[in-house]
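# Chains, contacts and geometry: an overview
Residues per chain are reported as follows:
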Amino acid sequence: MTVGDESYGNVPPAVAVEVEMIKNSFSVDKDTLRKITGHFASQLEKGLASYDSEIPMNVTWVTGYPNGKESGSYITVDMGGTNLRVCQVVLTEEPGGHNVAQEKFKLPDNVRGGSADELWGFIADSLDAFLRKYTVKRQSEKLPMAFTFSYPVTQNNIRHGILQRWTKGFDVSGVEGYDVIEQLEQVLQRKNLPVTIVALVNDTTGTLIAGAYKDPEIKIGCIFSTGCNAAYMEDVDSIPKISKSGLRPGTEIAINTEYGAFDNSHHVLPRTQFDHTVDKESTRPGQQTYEKMVAGHYVGELMRLMLVHLHKRAGMFSQSDCSKLNCNNAFDSKILAAIDEDNTESHTGIRDILKRFNIDPTPYELEVCAILAETICTRAARLYACGIAAICQKKRIQRCHVGVDGSMFSNYSKFRKRAAATLREILNWPDGSEDQILLCPAEDGSSIGAALIAALSLRSD
Ligand code: BGC
């Protein structure tokens, strides 16, 4: 869009100029994408060598893939961004067979920002309710449980994990710097629940394992949701920081990259004034720089900040009461995706969304909203592709499938297409050739993947 552009004939010049500036600052060209990817790949490498590098490259102690013969009954508890999901997964005797019973519990807001006791108490109570509802037998032997805890942890083994830092807006006191398994286990024991935690699992590792179980071509497990991250299998000989682990040379071990922390030192990512504000307003300023430009917890806020900017700077929505728009985090990623995916000629979908904020938009304001959503989501998809391309570059993977879980990916077709097209651009596939790195929806990570990891952890005992 440029000033005077026919299709936006009625856009006031002051707004047009600002929108044009925003669009320019959010565009990432091919050379920049490649530069970011190259730097990203070198940072992944660094993280394998030391414990204090920017990208943590956390060792998960999940060694190798399942062989299809895993069986037994497992409880899985997944502490997601909005819900706690509790499942009983039965891996049946036939290869790949499973049954799942599941229940979701909404994580109350006060728990996200409360104390450790409140958090673990909520999880234990929800698990108790699940076990009662599904009359999971209280046998003398405790049921093996996998705990999917999707935050960066340092693990000495698979039943241990010291929380490095909260991400995605969580801010529970008394957990950072402590072993989350020990804390949760104490509460489970106090409440006499018949489970024993056998594995701490990151959602990316669960996605990798569950994905590869179904499709052996899956080499990377990714999440694109409230947060963003990826896991892949690394050869133990390529991980200098665990050279004394005693693992057999050649063993493959899953690395949870925690690459949301990429470029915390601000070398390559093209940050804008809106990114600075998102960071400043966040619960952990200075951290998760890449994630804050890409993931669901932040992209809605970017859009809201832009609209507030255009309102204050250029008089957009001057006929409306913008007090609701002025509340931090009033826009979530679902809203942003819905705006971007509204293909109606007169933008009725966008109009309905803005009405919820007491805004009665003019036609040009609707058009500007559509442009902003596309701008934010296109940058997110393009930067998102850099992380995957960097793993492929680092591992010299020419062809593979990438299992991707998360609402931002599965419910958002434009995003998937843009990310796939960007991989093509970065990795330079010839025109007309098929995609060599294929992004595939993969959704069983926190149940089947976690249960398989629990089974693997018991097998290696
Ligand atoms: C967390 C990761 C997680 C990702 C996706 C990030 O904020 O640090 O552990 O995998 O979100 O849920």
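Residues numbered from 1 in each chain as written. Predicted model: local features only at pLDDT ≥ 70, side-chain atom pairs only at ≥ 80, totals over all residues. Heavy atoms only, no water.

## A short note on the UniProt feature "domain: Hexokinase C-terminal" (unreviewed entry) in the protein chain
According to UniProt, the positions carrying the feature "domain: Hexokinase C-terminal" (unreviewed entry) are residues 219-456. Here residues 219-456 runs as 48% helix and 13% strand, with 18 Å between its end C-alpha atoms. (UniProt positions renumbered as here; feature names shortened; annotations may be inferred. Helix = DSSP H or I, 4+ residues; strand = E, 2+ residues; numbered from the N terminus.)

## Points about the sheet that holds strand 9 (residues 218-224)
Spatially, the six strands line up as an open sheet ordered 1-11-10-9-12-13, and their pairing is mixed. In this open sheet, the two edge strands, each paired with only one partner strand, are strand 1 (58-63) and strand 13 (437-441). Ignoring which end each strand starts from, the neighbouring axes of this sheet average 25 degrees apart. Bridge count for strand 12 (residues 400-405) against strand 13 is five bridges, and the pairing is parallel. Bridge pairing in strand 13 links Cys400 to Ile437. Here helix 12 (residues 363-395) sits on the sheet in contact with strand 9, strand 10 (228-235), strand 12 and strand 13, set at roughly 5 degrees to strand 10. Each of strand 9 and strand 13 is contacted by helix 14 (residues 413-427), which is oriented at about 160 degrees to strand 13, the strand it contacts most. (Pairing = 2+ DSSP bridges. Axes fitted to C-alpha atoms, helices over the stretch in contact; angles between N-to-C directions. Contact = heavy atoms within 4.5 Å.)

## Details of the site of the ligand
By nearness alone, 15 residues border the ligand, and Thr167, Asn202, Asp203, Glu258 and Glu291 come closest of all. Measuring from an oxygen atom of the ligand, one finds a side-chain N or O atom of Glu291 at 2.8 Å. For the ligand, whose unbound accessible area comes to 310 Å², protein coverage reaches 98%. Within the residue set of the shell around the ligand, elements represented by two or more residues are helix 6 (203-214) and strand 10. Of the residues in the shell around the ligand, the class split is four nonpolar, seven polar and four charged. (Near = heavy atom within 4 Å. Polar contact = N/O pair within 3.5 Å; in protein donor to acceptor, adjacent residues only side chain to side chain. Areas by Shrake-Rupley, 256 points an atom, 1.4 Å probe, with all protein chains shown as cover. Nonpolar A, V, L, I, M, F, W, Y, C, P; charged D, E, K, R; others polar.)

## Here's the deal with the nonpolar core
In terms of nonpolar packing, the biggest core is built from 96 residues, with Tyr259, Tyr290, Met303, Tyr384 and Ile388 touching the most fellow members. If we skip the residues at most four places from it in the chain, Met303 touches Phe331, Leu336, Ile339, Cys369, Leu372, Ala373 and Ile376. In terms of nonpolar packing, the next biggest core, distinct from the first, is built from 37 residues, Ile75, Ala124, Val172 and Leu184 among them. (Core = buried A, V, L, I, M, F, W, Y, C linked by side-chain atoms within 4.5 Å. Buried < 20%, exposed > 50% of the residue type's maximum accessible area, 1.4 Å probe, protein only.)

## Remarks on the packing of aromatic side chains
As enumerated under the stated definition, the model contains 19 aromatic pairs in all. Centre to centre, the rings of Phe149 and Tyr151 are 5.0 Å apart; their planes meet at 55 degrees, and the pair counts as tilted. A relative accessible area of 1% means that Phe149 is categorised as buried. Among the aromatic side chains, those forming a connected cluster through ring pairs are Trp120, Phe147, Phe149, Tyr151, Trp166 and Phe170. Here the guanidinium or amino end of Lys168 rests over the ring plane of Tyr151, the centre of that ring lying 4.5 Å away. Looking at Lys241, its charged tip hangs above the ring of Tyr51, at a distance of 4.9 Å from the centre. (Phe/Tyr/Trp six-rings, centres within 6.5 Å; stacked < 30°, edge-to-face > 60°. Lys NZ or Arg CZ within 6 Å of the ring centre and 35° of its normal.)

## Thoughts on the sheet that holds strand 8 (residues 195-201)
Each strand in a sheet pairs with another by means of backbone hydrogen bonds, the pair being arranged parallel or else antiparallel. What the five strands build is an open sheet, ordered 4-3-2-5-8; its pairing is mixed. A strand with exactly one partner marks an edge of an open sheet, and here the two such strands are strand 4 (98-106) and strand 8. Across the sheet, the mean angle from the axis of one strand to that of its neighbour is 20 degrees, orientation sign disregarded. Note that strand 3 (residues 83-91) and strand 4 share nine bridges and pair antiparallel. Within strand 4, the position partnered with Val90 by the bridge is Asn99.

## A few points about the pairing of strand 2 (residues 72-79)
The element strand 2 is extensively covered by neighbouring structure, given that six of its eight residues are classed as buried. For strand 2 and strand 3, the ladder comprises eight bridges, and the chain directions are antiparallel. Bridging across to strand 3, Gly72 finds its partner in Leu91. Count of turn residues in the strand 2/strand 3 antiparallel hairpin: three residues. One ladder, built from five bridges, connects strand 2 with strand 5 (residues 143-149); its direction is parallel. Bridge pairing in strand 5 places Asp78 opposite Thr148.

## A short note on helix 2 (residues 30-49)
Between its first and last C-alpha atoms helix 2 spans 29 Å; for 20 residues at 1.5 Å apiece the expected length is 28 Å, and the two agree. Taken as a whole, helix 2 has its buried residues at Leu33, Ile36, Thr37, His39, Phe40, Ala41, Gln43, Leu44, Gly47 and Leu48. Looking at the buried residues of helix 2, the elements they touch are strand 10, strand 11 (252-256), helix 8 (289-294), helix 12 and helix 14. (Expected span 1.5 Å × (residues − 1).)

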